[in-house]
Amino acid sequence: MQSFRCVQGERKKMNFHSYPSVLLENVVNELSMLPSVGRKTALRLALYLLRQDEQQAAALGKAIVDFRHQVHYCSECHNISDTDRCAICSDSRRDHTTVCVVEHIGDVMAIENTQQYRGVYHVLGGIISPMNGISPSDLQIASLIERVAAGSVREVILALNADIESDTTCFYIYKKLSPHTVKLTTIARGIAVGDTLEYADEITLGRSIVNRVAFSLSSEIKTDELK
Ligand SMILES: [Zn+2]
């Protein structure tokens, strides 16, 4: 029985360390550091790259190195940029009196994809999280207060996630902005398009009732058909 256990243990060990090349193992180790990439996926990606033209792997490596070395952050909103001020902050057609506060650069891209927002942004770079040792001074909150204190901002939209740490961050910003004359809003929380009320979670449904809005006709409804 004992020898059987040993064989199983050896087999497990072999599976874990059975890379035929240290170079391959290094690539797997690095790729599996990426979010949502496990060691199996990392191995599949590494072997895929091995099958491709060498130039393709070189281009991938160069793109990553260039990205890390050369990328800039906008001096105004901290969005990712190739220049000192990002394309959004440099666009005079945008409404510079409305600032949408988001946690990450990915949130800017998500809101831009809706094509519904014409204001500008402020990327915090995270949220206040004492558990993870992230304090307000680690985030771009002071520069947000400076932007508002400069006087041209009329509305700040807090577009953070719906969780306790985001709520804490919103409250901190609210306290910091309270001496300034600026309208503070948050994005609406509620039932998603296509969701069924019966299956919505209690918090979402509760917020939808509390934050109800005046009825207005959706542009998708063809009123002619109702006559
Ligand atoms: Zn910017």
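So, here is what we can say about the structure in this document. All values reported here derive from a predicted model rather than from experimental measurement.

**Considerations on the overall build of the protein chain**
Alright, step 1. Helix and strand content of the protein chain: nine helices and six strands.
Alright, step 2. Long-range pairs, those at least 24 residues apart, make up 44% of the contacts in the protein chain with a sequence separation of at least 6.

**A closer look at helix H7 (residues 142-149)**
Residue pairs spaced three or four apart in an α-helix point in one direction, given the helix's 3.6 residues per turn.
Alright, step 1. Within H7, the full set of buried residues consists of Leu-144, Arg-147 and Val-148. Around the axis of H7, the buried residues are gathered within 95° of arc, so they sit on the same side. Exposed residues on H7 whose side chains face more than 90 degrees from its buried face are Ala-142, Glu-146 and Ala-149.
Alright, step 2. The inward-facing, buried residues of H7 contact strand E3 (95-102), strand E4 (119-123), strand E5 (155-158) and helix H8 (164-177).
Alright, step 3. Of the residues one or two after H7, Gly-151 is the one with positive phi, at around 105°.

**Some details on the nonpolar core**
Alright, step 1. Grouped together as the largest cluster of nonpolar side chains are 25 residues, with contacts concentrated most on Val-99, Val-101, Val-102, Tyr-121, Leu-124 and Val-156.
Alright, step 2. Elements that contribute at least two residues to this core include exactly E3, E4, H7, E5 and H8.
Alright, step 3. The element contributing the most residues to this core is E3, with four residues.

**Let's talk about the packing of helix H2 (residues 22-31) against helix H3 (residues 39-51)**
Packed helices, taken two at a time, are described by the angle between their axes plus the distance between the axes.
Alright, step 1. One way to put it is that H2 packs onto H3 with a least axis distance of 8 Å and a crossing angle of 125°. Considering their axes alone, H2 and H3 lie oblique with respect to each other. In this structure, H2 meets H3 at a crossing whose hand is right-handed. In contact with Leu-24, Val-27, Val-28 and Leu-31 of H2, H3 contributes Arg-39, Ala-42, Leu-43, Leu-45 and Ala-46.
Alright, step 2. For the contact of H2 with H3, a count of residues per class yields eight nonpolar, no polar and one charged.

**Focus: unusual backbone geometry**
Alright, step 1. A positive phi angle, near 65°, is found at Ser-36, a position not held by glycine.
Alright, step 2. If you trace the backbone, Ser-36 turns up in the loop between H2 and H3.
Alright, step 3. Of note in the backbone geometry, His-78 takes a positive phi value of approximately 70° without being a glycine.
Alright, step 4. Here His-78 lies in the loop between strand E1 (72-73) and strand E2 (80-81).

Criteria and thresholds
- Residues numbered from 1 in each chain as written.
- Predicted model: local features only at pLDDT ≥ 70, side-chain atom pairs only at ≥ 80, totals over all residues.
- Helix = DSSP H or I, 4+ residues; strand = E, 2+ residues; numbered from the N terminus.
- Contact = placed C-beta atoms within 7 Å.
- Buried ≥ 20, exposed ≤ 12 C-beta atoms within 10 Å, placed from the backbone.
- Arc of directions from axis to C-beta.
- Core = buried A, V, L, I, M, F, W, Y, C linked by C-beta atoms within 7 Å.
- Axes fitted to C-alpha atoms, helices over the stretch in contact; angles between N-to-C directions.
- Parallel < 35°, antiparallel > 145°, perpendicular 65-115°, else oblique.
- Left-handed = near helix turned anticlockwise from the far one by under 90°.
- Nonpolar A, V, L, I, M, F, W, Y, C, P; charged D, E, K, R; others polar.

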